[in-house]
Amino acid sequence: MKYYLIAGEASGDLHASHLMKALRTYDGQAEFRFFGGDLMAAVGGTCVKHYRELAFMGFGPVLTHLPTILRNMKTCKADIAEWKPDAVILVDYPGFNLNIAKYVRRKGICPVYYFIAPKIWAWKEYRIKNIRRDVDELFSILPFEVDFFEKKHHYPIHYVGNPTAHEVETFLNNYDEDFETFARRNRLDADKPVIALLAGSRLQEIRDNLPVMLQAAEPFADTYQLVIAGAPAISTEYYHKYIGSAKATLVMQQTYPLLRHAAAALVTSGTATLETALFAVPQVVCYKTPLPHLARWAFSHVMSCRYISLVNLIADREVVEELFADRFSAANIREELARLLPATDGQQTTACSQQLAGYEEVRRRLGSNIAPDNAARLITEIINRQTGNSSSQ
């Protein structure tokens with residue numbers, strides 16, 4: 001069968017690549033065409049557009065690049081119509097993907113499956129109308145989404161497990177590099193523990209968050225070395241614009257090895273907060289917003305969720321401190337980081353122990369199912385049932 005996938009950023013590229021591999025185990029004739037990235041391309045198929053041409057976030061960047069976004073949408077729609085896939089599989093990235101879903105449904109081209117449900121529980125809940133109308137099957141990777149979609153909106157979904165949990169577990173089971181080797185390979189000091197800085201995967205996130213993260217962590221630089229996790233598709237030159245004279249080292253595309261060896265981390269909201277928790281690294285979640293006091297008001301009165309980090313959302317309580325909007329400052333981040341770092345006698349602090357206990361609760365709630373495998377099995381079963389094809393091999 002022919003599968004058309006659309007992933008608009010680095011995390012989507014990763015998750016979609018695993019889904020593509022899983023689809024091949026259930027469908028030996030699987031063909032792929034996609035908007036995505038290098039990881040998807042490594043699996044095989046035709047990459048129509050790289051996600052670097054798609055990843056615009058925030059009102060300003062989206063408005064500035066609107067002609068490019070509209071051209072990409074037009075290209076995608078025309079390409080789907082010409083290729084005539086058996087299924088379109090959308091991966092997160094709702095602003096773009098829900099527009100594509102509407103087109104595919106209106107033209108009656110093929111079923112639309114959504115892998116990694118849009119986070120409408122946080123923002124733009126009205127999109128449930130589009131999902132109900134245009135998406136045939138929705139696959140969730142967050143357990144709390146089941147109640148949101150099924151109980152609140154009476155829209156059945158599939159919780160297939162969490163891919164990040166499986167990816168971290170797989171990495172830990174196969175990674176055997178000790179800290180001394182990791183440090184030597186990256187020109188770090190093997191005698192100083194690491195504070196990891198995960199400033200996001202988009203240009204504007206790095207621009208907004210990294211300078212304040214560095215300022216907050218600077219007082220700890222004599223005892224700890226500050227190491228920045230370089231994101232895919234971001235140049236080293238861009239990072240160095242904001243590092244300046246700070247005592248920090250940039251390590252490119254080694255987030256998992258870095259977290260494996262980190263003593264603590266400063267992390268922007270998003271999947272990175274969950275990854276950090278699954279590595280059992282104490283963390284401070286920090287995220288700069290424009291108009292911070294207005295952002296705090298909107299979060300309290302407009303947004304539908306209580307937290308911004310996946311760790312707290314999954315646990316349904318505050319496991320990690322969230323310093324965003326009007327609480328985002330170097331002083332606040334520094335104070336919270338100090339609460340998590342070991343005491344002078346080397347003992348774990350109470351705040352750190354409580355956070356690590358919360359991480360265990362998050363692991364239990366995520367479960368042990370392998371998300372891309374479950375999703376691929378369900379997708380092929382549904383297609384075969386609808387087409388009357390009893391064998392996909």
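Here the structure is shown first, and the text comes after it.
These remarks concern the structure in this document.

Another point: the packing of aromatic side chains. In total, this model carries 15 aromatic pairs according to the counting rule given. Ring geometry for Phe-171 against Tyr-256: centres 5.5 Å apart, planes inclined by 70 degrees, an arrangement best described as edge-to-face. Note that Phe-171 is positioned in helix α8 (residues 163-174) and Tyr-256 in helix α12 (residues 255-261), a separation of 85 residues in sequence. Assessed through its relative accessible area of 18%, Phe-171 is described here as buried.

A cluster of acidic side chains, namely Asp-176, Asp-178, Glu-180, Asp-189 and Asp-191, defines a negative patch on the protein surface. With respect to the helices and strands, the residue Asp-178 is situated in the loop between α8 and α9 (179-185). Relative accessible area serves as the criterion here: at 43%, Asp-178 is assigned to the partly exposed category.

Attention shifts here to the sheet that holds strand β10 (residues 248-252). Strand order in the open sheet formed by six strands is β10-β9-β8-β11-β12-β13, with parallel pairing between adjacent strands. The sheet is open, and its two borders are formed by β10 and β13 (322-324), each paired with just one other strand. Neighbour-to-neighbour, the strand axes of the sheet open up by a mean angle of 25 degrees, direction not taken into account. Each of β9 (225-230) and β10 touches helix α11 (residues 236-243); the most contacted strand, β10, lies at about 165 degrees to it.

It is worth spelling out the pairing of strand β4 (residues 87-91) at this point. For β4, the buried fraction is high: five of the five residues fall into the buried class. In the sheet, strand β1 (residues 2-7) pairs with β4 via five bridges, with the strands oriented parallel. Residue pairing for β4: Leu-5 is matched across the bridge by Ile-89. Looking at chain direction, β4 and strand β5 (residues 112-115) are connected through four bridges and run parallel. In the sheet register, Ile-89 faces β5, and the bridge partner there is Tyr-113.

As a further point, take unusual backbone geometry. Positive phi is not limited to glycine here, since Asp-92 has a value of about 50 degrees. For Asp-92, the position within the fold is in the loop between β4 and α5 (94-107).

What follows concerns the packing of helix α1 (residues 10-26) against helix α18 (residues 371-387). Running from N to C, α1 and α18 cross one another at 50 degrees; their axes reach a closest spacing of 8 Å. For the element pair α1 / α18, the angle class is oblique. In terms of crossing hand, the pair formed by α1 and α18 is right-handed. Where α1 approaches α18, its residues His-18, Leu-19, Ala-22, Leu-23 and Tyr-26 are matched on the opposing element by Pro-372, Asp-373, Ala-375, Ala-376, Arg-377, Ile-379 and Thr-380. Split by residue class, the contact of α1 with α18 holds eight nonpolar, two polar and two charged.

All right, on to α11 then. Looking at α11, one finds that the buried residues are Tyr-238, Tyr-239 and Ile-243. Mapping the buried residues of α11 onto a view down its axis gives an arc of 140 degrees, with all of them on the same face. α11 presents Glu-237 and Lys-241 as exposed residues on the side facing more than 90 degrees away from its buried surface. Gly-244 lies just past α11 and shows a positive phi near 55 degrees.

Parameters and conventions
- Residues numbered from 1 in each chain as written.
- Predicted model: local features only at pLDDT ≥ 70, side-chain atom pairs only at ≥ 80, totals over all residues.
- Heavy atoms only, no water.
- Phe/Tyr/Trp six-rings, centres within 6.5 Å; stacked < 30°, edge-to-face > 60°.
- Helix = DSSP H or I, 4+ residues; strand = E, 2+ residues; numbered from the N terminus.
- Buried < 20%, exposed > 50% of the residue type's maximum accessible area, 1.4 Å probe, protein only.
- Patch = residues over 30% accessible without salt bridge, like charges linked within 9 Å, V, L, I, M, F, W, Y side chains within 5 Å.
- Areas by Shrake-Rupley, 256 points an atom, 1.4 Å probe, with all protein chains shown as cover.
- Salt bridge = Lys/Arg side-chain N within 4 Å of Asp/Glu carboxyl O.
- Lys, Arg positive; Asp, Glu negative; His and termini not counted.
- Charge placed at Lys NZ, Arg CZ, Asp CG, Glu CD.
- Pairing = 2+ DSSP bridges.
- Axes fitted to C-alpha atoms, helices over the stretch in contact; angles between N-to-C directions.
- Contact = heavy atoms within 4.5 Å.
- Parallel < 35°, antiparallel > 145°, perpendicular 65-115°, else oblique.
- Left-handed = near helix turned anticlockwise from the far one by under 90°.
- Nonpolar A, V, L, I, M, F, W, Y, C, P; charged D, E, K, R; others polar.
- Arc of directions from axis to C-beta.

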